[in-house]
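Results of the structural survey
So you can see what is in the structure, the chains are spelled out below.
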Amino acid sequence: MSKRRKPGLARGLDDLLGGAGTAPEAAPEPAERELPLTALEPNPFQPRREFEETALETLAASIRRQGLLQPIVVRPKPGVAGAWQIIAGERRFRAAERAGLERVPVIVREVDDADALLLALLENLQREDLGPLELAGGLQRLIDDFALTQKELGRVLGLSRSRVANSLRLLRLPQAVRELLTAGRLSEAHGRTLAAIEDAELATALARLAVDKELTVRELERLVAAEREASSPESAGKTDSREQASADPDLRLYEDDLQRRLGTKVSIRRRSSGRGRIVIEFYSADELAGLYERLSGERPGR
């Protein structure tokens, strides 16, 4: 698979799937048709890995009563005549199987691998249907397989670059922490906080503590900041009583506001003299460039 080809980023979900937003001058929409359910197969680029059982059963019951009202969007399976891959509508496909349908309405689209993955992400994002790690995995695959940048991904998916970067950061989490995130025992914000820790054992221990003690994200952030401060070269073998951590409510307010504005972790330390320091963290070259633009109002190198 080529890593240089980029999908048609100017096109959105409506253009590619034939939604209401398609411009009047666009080519006529393909007619709806029926195909045997057995001729369809799941999208190999589907980022979603979990389909909630109760929701599937509810949809299957509705299909038994009323039929499948919204067609499934498919593409011809590359290199295999008479076979079709699902682009959008895998949940409907699974529910139709449970409902015992033999044939289903479809719309056929001619799209390549990059657009198939992009469309699967777009469909799930519009329905707020992806877990945080599923989204992160889909974004990373677009970067790896199709040479997209975080900025391009953000533009086509309607996400800020900091949102894309924060999502990708979750892929650094240890497996045990990912499992807690997937199970819903930790929030995405908890996961982003833990992703700042390079020590896998420490990250896992703090994740389990957060679950056991039902820590808020802010409480976990303070624990992580304390652990990172204690392990930093500056603090090795000494403690500086003159420097105050952000237990001060005023400092926490400044930290929270800066973190919201910059989209990354910010720590403020102040000494008794009134002097102090602000630490702004970044986790990739793209994040650094984005921070530079937000702080200076200019692109790097200008």
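Details of the structure are given in the entry above.
Residues numbered from 1 in each chain as written. Predicted model: local features only at pLDDT ≥ 70, side-chain atom pairs only at ≥ 80, totals over all residues. Heavy atoms only, no water.

Concerning the overall build of the protein
Let me state the cut-off plainly: In this description a helix means any DSSP run of H or I spanning at least four residues, a strand means any run of E spanning at least two, and both kinds are numbered starting from the N terminus. Burial classes follow relative accessibility: with a 1.4 Å probe on protein chains only, a residue under 20% of its type's maximum area counts as buried, one over 50% as exposed, and anything between as partly exposed. We call two residues in contact when some of their heavy atoms are within 4.5 Å. Surface accessibility in these figures is a Shrake-Rupley result with a 1.4 Å probe; residues are shielded only by whichever protein chains are displayed.
For the protein, the helix and strand inventory stands at 13 helices and eight strands. Buried positions account for 43% of the 302 residues belonging to the protein. Considering only contacts within the protein whose residues lie at least 6 apart along the sequence, 68% involve residues at least 24 apart. Approximately 16,600 Å² of the protein is accessible, and the part contributed by carbon and sulfur atoms is 50%.

Re the pairing of strand β8 (residues 276-280)
The side chains of a regular strand alternate between both faces of the sheet. Rules: The criterion for strand pairing is that DSSP finds at least two bridges linking the strands in question.
Inspection of the sheet shows strand β7 (residues 266-271) paired to β8 by five bridges, in the antiparallel sense. Paired with Arg-269 across the strands is Arg-277, a residue of β8.

What to know about the environment of Leu-135
With respect to the helices and strands, the residue Leu-135 is situated in helix α5 (residues 132-146). Under the relative-accessibility criterion, Leu-135 is labelled buried at 4%. The sequence separation of Leu-135 and Leu-168 amounts to 33 residues, and the corresponding C-alpha distance is 8.5 Å.

Thoughts on the nonpolar core
Selection criterion: Put simply, a nonpolar core is a bunch of buried Ala, Val, Leu, Ile, Met, Phe, Trp, Tyr and Cys residues held in one set by side-chain atoms that sit within 4.5 Å of each other.
If you look at the biggest cluster of nonpolar residues, it comprises 24 residues, and the most contacted ones within it are Leu-139, Leu-142 and Leu-157. Of all elements in the fold, only β4 (84-88), α4 (113-126), α5, α6 (150-157) and α7 (161-169) reach the threshold of two or more residues within this core. Broken down by element, this core gets its largest block of residues, seven residues, from α4. Apart from residues lying up to four places away in sequence, Leu-142 is in contact with Ala-114, Leu-117, Leu-118, Leu-121, Ala-147, Leu-148 and Leu-153.

Brief notes about the pattern of salt bridges
As a working rule, side chains carrying opposite charge can pair if their charged atoms are close by. Selection criterion: A carboxyl oxygen of Asp or Glu within 4 Å of a side-chain nitrogen of Lys or Arg is what we treat as a salt bridge.
A full pass over the atoms with the stated rule returns ten salt bridges. In this structure, Arg-94 engages Glu-90 in a salt bridge whose closest nitrogen and oxygen atoms are separated by 3.0 Å. Taken as a pair, Arg-94 and Glu-90 lie in helix α3 (residues 90-99) at a separation of four residues, close to a single helical turn. Given the relative accessible area of 31%, Arg-94 is considered partly exposed. We classify Glu-90 as buried; its relative accessible area is 4%. For Arg-192, the salt bridge goes to Glu-188, with nearest N and O atoms at 3.7 Å. Here Glu-188 and Arg-192 lie together in helix α9 (residues 188-194), a separation of four residues that amounts to about one turn. Put simply, Arg-218, Glu-221, Glu-255 and Arg-269 are held in one network by salt bridges that share partners.

Side note on the packing of α7 against helix α13 (residues 285-296)
As a reminder, the rule being used: Here an axis means a line fitted to C-alpha atoms, over the contact stretch when the element is a helix, while the angle between two N-to-C directions is reported on a 0 to 180 degree scale. Here the word oblique covers every angle except those under 35 degrees (roughly parallel), over 145 (roughly antiparallel) and from 65 to 115 (roughly perpendicular). In a left-handed crossing the near helix is turned counterclockwise from the far helix by less than a right angle, and in a right-handed crossing that turn is clockwise. Only Asp, Glu, Lys and Arg are considered charged, only Ala, Val, Leu, Ile, Met, Phe, Trp, Tyr, Cys and Pro nonpolar, and every remaining residue, Gly among them, polar.
Between α7 and α13, the shortest axis-to-axis distance is 10 Å and the interhelical angle comes to 150°. Taken as axis vectors, α7 and α13 run roughly antiparallel relative to one another. For the element pair α7 and α13, the recorded crossing hand is left-handed. In contact with Arg-161, Ser-162, Ala-165 and Arg-169 of α7, α13 contributes Asp-286, Glu-287, Ala-289, Gly-290, Glu-293 and Arg-294. Classifying every residue of the contact of α7 with α13 gives two nonpolar, two polar and six charged.

Considerations on the packing of helix α2 (residues 53-66) against α3
Relative orientation and spacing of two packed helices are given, respectively, by the angle between their axes and the distance between those axes. Running from amino to carboxyl end, α2 crosses α3 at an angle of 65°, the nearest separation of the two axes being 8 Å. Of the two possible hands of crossing, α2 and α3 adopt the one that is right-handed. For the pair formed by α2 and α3, the contact residues are Glu-53, Ala-55, Leu-56, Glu-57, Leu-59, Ala-60, Ile-63 and Arg-64 on the first element and Arg-91, Arg-92, Arg-94, Ala-95, Ala-96, Arg-98 and Ala-99 on the second. Broken down by class, the residue content of the contact of α2 with α3 amounts to eight nonpolar, no polar and seven charged.

Some thoughts on α13
Put simply, the test is: The span expected for a helix works out to 1.5 Å for each residue beyond the first. Summarising the geometry, the arc corresponds to the directions from the helix axis toward the C-beta atoms.
With twelve residues, α13 extends 16 Å from end C-alpha to end C-alpha; this agrees with the ideal 16 Å at 1.5 Å per step. The complete set of buried residues in α13 reads Glu-287, Gly-290 and Leu-291. The buried residues of α13 occupy an angular sector of 100° when projected down its axis, which confines them to one face.

Re the sheet that holds strand β5 (residues 103-108)
The strand order across the open sheet built from five strands is β1-β5-β3-β4-β2, with neighbouring strands paired in mixed fashion. The open sheet has two edge strands with one neighbour each: β1 (33-36) and β2 (40-41). Inspection of the sheet shows strand β3 (residues 72-76) paired to β5 by three bridges, in the parallel sense. Opposite Ile-72, over in β5, you have Val-106 as the bridge partner. Against the sheet, α3 makes contact with β2, β3, β4 and β5, and its axis sits at roughly 120° relative to β4, the strand it touches most.

Everything listed here is a matter of geometry and, on its own, says nothing about what the molecule does.
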